[in-house]
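Commentary on secondary and tertiary structure
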Amino acid sequence: MMFWHVHDVSGWGWFAMSAGMVLFWGLIITAAVVLFRALDRPHEDMHTPAAPTPEHILARRLARGEVDEDEYKRRLAALHTPAERPPARPTGEPGPG
């Protein structure tokens, strides 16, 4: 019980302890926020947009007014009809060129 009256902490000591405590809790909170954001971030491979289909592109062009309704219907019908293939060559004939 001899040294109860001696505190050995001057004004600068109190300042250093206070600043250290603020820095300590600041680092703890910053680490928690960074960890939360890293874990909450969605994966990049989940955000790759799908390529628009030709029908969607055509519908957007109609919505923007680039094509009129008749041209839209004509092009949509052309998209839905199967493409004509060139006649198959017999296997023994050489190709062009």
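Residues numbered from 1 in each chain as written. Predicted model: local features only at pLDDT ≥ 70, side-chain atom pairs only at ≥ 80, totals over all residues. Heavy atoms only, no water.

Things to note about the overall build of the protein chain
Rules: Only DSSP runs of H or I reaching four residues or more are called helices, and only runs of E reaching two or more are called strands; each is numbered from the N terminus. Buried means the residue's accessible area, taken with a 1.4 Å probe over protein chains only, is under 20% of the maximum for its type, while exposed means over 50%, and partly exposed covers the values in between.
Within the protein chain, the secondary structure is distributed over three helices and zero strands. Counting helices and strands in the order they occur from the N terminus, the protein chain gives α-α-α. Residue burial in the protein chain is summarised as follows: out of 97 residues, 3% are buried.

With respect to the pattern of salt bridges
Counted only if it meets this: For this document, the term salt bridge refers to a Lys or Arg side-chain nitrogen within 4 Å of an Asp or Glu carboxyl oxygen.
The tally for this structure, following the rule as stated, stands at four salt bridges. Note that arginine 64 and glutamate 66 form a salt bridge whose closest N and O atoms lie 2.9 Å from each other. The exposed category is assigned to arginine 64, whose relative accessible area is 54%. Between lysine 73 and glutamate 69 there is a salt bridge, with its nearest N and O atoms 3.4 Å apart. Here the residue lysine 73 and the residue glutamate 69 both occupy positions in helix H3 (residues 69-80), the gap between them amounting to four residues, near one helical turn.

Considerations on the packing of aromatic side chains
We count it as follows: Centres within 6.5 Å make a pair out of two Phe, Tyr or Trp rings, where for Trp the six-membered ring is used; the pair is then stacked when the planes are under 30 degrees apart, edge-to-face when over 60, and tilted otherwise.
Using the criterion set out here, one finds one aromatic pair in the structure. For the pair phenylalanine 24 and tryptophan 25, a centre-to-centre distance of 5.1 Å together with 75° between the ring planes defines the contact as edge-to-face. Judged by its relative accessible area of 44%, phenylalanine 24 is partly exposed.

Quick look at a nonpolar patch on the surface
Keep this limit in mind: The patches described consist of residues with a relative accessible area above 30% and no salt bridge, like charges being joined within 9 Å and nonpolar side chains (Val, Leu, Ile, Met, Phe, Trp, Tyr) within 5 Å. Surface exposure here means Shrake-Rupley accessible area, sampled with a 1.4 Å probe, where a residue is shielded only by the protein chains that are shown.
On the surface, a cluster of nonpolar side chains totalling about 590 Å² of accessible area is made up of Met21, Phe24, Trp25, Ile28, Ile29 and Val33. Note that isoleucine 29 resides in helix H1 (residues 11-40). Here isoleucine 29 falls in the exposed class, since its relative accessible area comes to 53%.

Some remarks on the environment of tyrosine 72
The test is simple: When checking whether two residues touch, look at their non-hydrogen atoms; a contact exists if any pair is within 4.5 Å.
One can find tyrosine 72 in helix H3. Sequence separation between tyrosine 72 and leucine 58 is 14 residues; the distance between their C-alpha atoms is 7.0 Å. In this structure, tyrosine 72 is in contact with Leu58, Ala59, Leu62 and Val67, ignoring residues within four places of it in sequence.

Observations regarding the packing of helix H2 (residues 54-64) against H3
In helix packing, the relevant descriptors are the interaxial angle and the interaxial distance, both defined with respect to the helix axes. Selection rule: Under this scheme, a helix contributes an axis fitted over its contacting stretch, all axes are lines through C-alpha atoms, and angles between N-to-C directions fall in the 0 to 180 degree range. Oblique is the label for any angle not covered by the other classes, which are roughly parallel (under 35 degrees), roughly antiparallel (over 145) and roughly perpendicular (65 to 115). Residue classes follow a fixed rule: Ala, Val, Leu, Ile, Met, Phe, Trp, Tyr, Cys and Pro count as nonpolar, while Asp, Glu, Lys and Arg count as charged, and any other residue, Gly among them, counts as polar.
Axis separation between H2 and H3 bottoms out at 10 Å; the angle between their running directions is 175°. Compared by their axis directions, H2 and H3 come out roughly antiparallel. In this structure, H2 contributes Pro54, Glu55, Leu58, Ala59, Arg61 and Leu62 to the contact, and H3 contributes Glu69, Tyr72, Arg75, Leu76, Leu79 and His80. By residue class, the composition of the contact of H2 with H3 is seven nonpolar, one polar and four charged.

Digging into the confidence of the model for the protein chain
Interpretation of the predicted coordinates at a detailed level should be avoided for regions scoring low in pLDDT. Just so we agree on the cut-off: Confidence of the predictor at the level of single residues is captured by pLDDT, which takes values from 0 to 100.
Scored by pLDDT, the protein chain comes out at a mean of 81, with 70% of its residues at no less than 70. In the model of the protein chain, H3 stands out as the element of lowest mean pLDDT, 90, in contrast to H2, which has the highest, 92.

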